[in-house]
Amino acid sequence: MSPDQFDALTYWTLWITAAAMGVGAVVLYVKGRDISTEEGREHAVVSIFIPAIAATMYLAMALGFGVSRITLAGGQEQLVFWGRYADWAVTTPLLLLDLALFAGADRETIGTLLGLDVFMIVTGFFAASSAQPANRYLWWAVSSGAFVVILYVIFAKLPTFANSYGTDRASSFGNLRNLLAVLWFAYPLLWVVGTEGASVVPLGIETVGYAVLDITAKVVFGYALLSSVASLAPRRRETETGAGVTADD
Ligand code: RET
């Protein structure tokens, strides 16, 4: 669609956020250069890509390319910001990878988290693209089911790994995980009240809401994570019998 069909708040928010994400990627790059451990290099690469990808997708939406129009069953027009879902399909797995690597999780747990997350975003996109309101909420519920399992994994499983690397890592992990959980929880709620759901919140405000959440969940979270990595000793297990260490626990 043509971007001149957006209201001014939506249009400018998309442009400003594209630029802010670009700046965010540079900030994380500069922060990452101070970190020389192998673990830190891994986190820097993952963390820098996250706002860099978002900058691209916000640019696509600002240009109108990342947005399409569908007709709902009742005849009303509905915008689908597919650029958001394309962004999230790549960046949210990377964010969970960042958190899970920080906790020192095993591949099985990392794979589970990433798979659930892609499932959550793809079914969220189905919600946004459905013509029948009932189907939109049905897909929303399916996506939220995956989200609940993600929350279960990061609250019940990841701490066991983080704990086996000592109390400093465990407590930094707890802070990062809580920041992530609070921010992520707001997305399905904003979806329901915004133009994709009940339309209680107009498009401009919704766009600002997602922009603030996205910048915080990507740049602020990435910065906090890199700071924690820089201040902690490289991951080394404190106990050889700690949970998450043995093959069969
Ligand atoms: C949707 C709608 C369907 C139900 C659920 C959702 C969850 C989305 C989430 C998005 C997180 C995005 C982040 C972006 C970072 O920049 C798709 C909104 C559960 C959790 C963290």
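Q: Before we go on, may I ask you to explain the overall build of the protein chain in this structure?
A: Helix and strand counts for the protein chain come out as seven helices and two strands. When the helices and strands of the protein chain are placed in sequence order, the string is α-α-β-β-α-α-α-α-α. Against the 2.2 N^0.38 benchmark of 18 Å for 249 residues, the protein chain shows a C-alpha radius of gyration of 19 Å, consistent with a compact globule. For the protein chain, the spread of C-alpha atoms along the three principal axes comes to 65 × 40 × 25 Å. Burial status across the protein chain gives 49% buried among its 249 residues. Of the contacts formed within the protein chain by residues at least 6 apart in sequence, a portion of 73% connects residues at least 24 apart. Accessible area of the protein chain: about 11,400 Å², with a carbon and sulfur share of 67%. Side chains of the protein chain carry 14 positive and 20 negative charges; the gap between the two charge centres is 3 Å.

Q: Quick question: what am I supposed to make of the pattern of salt bridges here?
A: When the charged atoms of two side chains with opposite charge come close together, those side chains can pair. Summed over all chains, the structure comprises four salt bridges. Between Glu 39 and Arg 235 there is a salt bridge, and its shortest N-O distance comes to 3.6 Å. On the criterion of sequence distance, the pair formed by Glu 39 in helix α2 (residues 38-62) and Arg 235 in the segment after α7 (203-231) is long-range, its members being 196 residues apart. You can call Glu 39 buried: its relative accessible area is 9%. The exposure class assigned to Arg 235 is partly exposed, which follows from its relative accessible area of 29%. A salt bridge links Arg 69 to Glu 77, with the nearest nitrogen and oxygen atoms 3.0 Å apart. One salt-bridge network, in which partners are shared between bridges, spans Glu 39, Arg 169 and Arg 235.

Q: Is there a simple way to think about the side chain of His 43 in this case?
A: Relative to the elements of secondary structure, His 43 occurs in helix α2. With residues up to four places along the chain from it excluded, the contact list for His 43 reads Asp 98, Leu 101, Phe 102, Leu 225, Leu 226 and Val 229.

Q: Sorry, what's going on with α7 here?
A: In an α-helix there are 3.6 residues to a turn, and that puts residues three or four apart on one side. Helix length check: α7, at 29 residues, gives a terminal C-alpha distance of 41 Å against a target of 42 Å (1.5 Å per residue), a fit within 8%. When the local axis directions of α7 are compared, the greatest deviation, roughly 30 degrees, occurs at Thr 216.

Q: What should I look at first to understand the site of the ligand in this one?
A: Contacts to the ligand come from 16 residues, most closely from Ser 143, Trp 184, Tyr 187, Asp 214 and Lys 218. Note that an oxygen atom of the ligand is positioned 3.3 Å from one of the side-chain N or O atoms of Asp 214. Between the ligand and Lys 218 there is a distance of 2.4 Å, counted from an oxygen atom to a side-chain nitrogen or oxygen. Among the detected pockets, the ligand sits in the largest cavity. A breakdown of the residues in the shell around the ligand according to their chemical character gives 10 nonpolar, four polar and two charged.

Q: Help me understand the side chain of Asp 214 in this model?
A: By secondary structure assignment, the location of Asp 214 is in helix α7. We note that Asp 214 is buried and unpaired, the nearest opposite charge coming from Lys 218 at a distance of 4.2 Å. At 2.6 Å, the side chain of Asp 214 and the side chain of Tyr 187 are in polar contact. Ignoring sequence-local partners within four residues, the contact set of Asp 214 consists of Met 21, Tyr 58, Arg 84, Trp 88, Tyr 187 and Val 219.

Q: Is there a simple way to think about the packing of helix α6 (residues 167-193) against α7 in this case?
A: Two quantities define a packed helix pair, namely the angle between the helix axes and the distance between the axes. The contact between α6 and α7 brings their axes to 10 Å, and the two run at 170 degrees. Judged by the angle between their axes, α6 and α7 are roughly antiparallel. Between α6 and α7 the crossing geometry is left-handed. Touching Ser 172, Leu 176, Leu 179, Leu 180, Leu 183, Trp 184, Ala 186, Tyr 187, Leu 190 and Trp 191 of α6 are Glu 206, Gly 209, Tyr 210, Leu 213, Asp 214, Thr 216, Ala 217, Phe 221, Ala 224, Leu 225 and Ser 228, all from α7. The residue inventory of the contact of α6 with α7, partitioned by class, reads 15 nonpolar, four polar and two charged.

Q: Honestly, the packing of aromatic side chains in this entry has me stumped. Any pointers?
A: Describing an aromatic ring pair means giving the distance of the ring centres and the angle of the ring planes. One pass over the full model with this rule turns up 11 aromatic pairs. Between Tyr 11 and Trp 12, the ring centres sit 5.2 Å apart and the planes meet at 80 degrees, which makes this aromatic pair edge-to-face. Given the relative accessible area of 24%, Tyr 11 is considered partly exposed. Judged by centre distance (4.9 Å) and plane angle (70 degrees), the rings of Phe 126 and Trp 139 are edge-to-face. You can see Phe 126 sitting in helix α4 (residues 107-129) and its partner Trp 139 sitting in helix α5 (residues 133-163), a full 13 residues away along the chain. Looking at Phe 126, the relative accessible area reads 35%, which means it is partly exposed.

What counts as what
Residues numbered from 1 in each chain as written. Predicted model: local features only at pLDDT ≥ 70, side-chain atom pairs only at ≥ 80, totals over all residues. Heavy atoms only, no water. Helix = DSSP H or I, 4+ residues; strand = E, 2+ residues; numbered from the N terminus. Rg over C-alpha atoms; globule rule 2.2 N^0.38 Å. Buried < 20%, exposed > 50% of the residue type's maximum accessible area, 1.4 Å probe, protein only. Contact = heavy atoms within 4.5 Å. Areas by Shrake-Rupley, 256 points an atom, 1.4 Å probe, with all protein chains shown as cover. Lys, Arg positive; Asp, Glu negative; His and termini not counted. Charge placed at Lys NZ, Arg CZ, Asp CG, Glu CD. Salt bridge = Lys/Arg side-chain N within 4 Å of Asp/Glu carboxyl O. Expected span 1.5 Å × (residues − 1). Bend = angle between axes of the 7 residues up to and from the residue. Near = heavy atom within 4 Å. Polar contact = N/O pair within 3.5 Å; in protein donor to acceptor, adjacent residues only side chain to side chain. 1 Å grid on protein atoms, 1.4 Å probe; cavity = no way out; pocket = protein on both sides within 12 Å on 5 of 7 lines; lining within 4 Å. Sits in = over half its atoms within 2 Å of the grid points. Nonpolar A, V, L, I, M, F, W, Y, C, P; charged D, E, K, R; others polar. Axes fitted to C-alpha atoms, helices over the stretch in contact; angles between N-to-C directions. Parallel < 35°, antiparallel > 145°, perpendicular 65-115°, else oblique. Left-handed = near helix turned anticlockwise from the far one by under 90°. Phe/Tyr/Trp six-rings, centres within 6.5 Å; stacked < 30°, edge-to-face > 60°.

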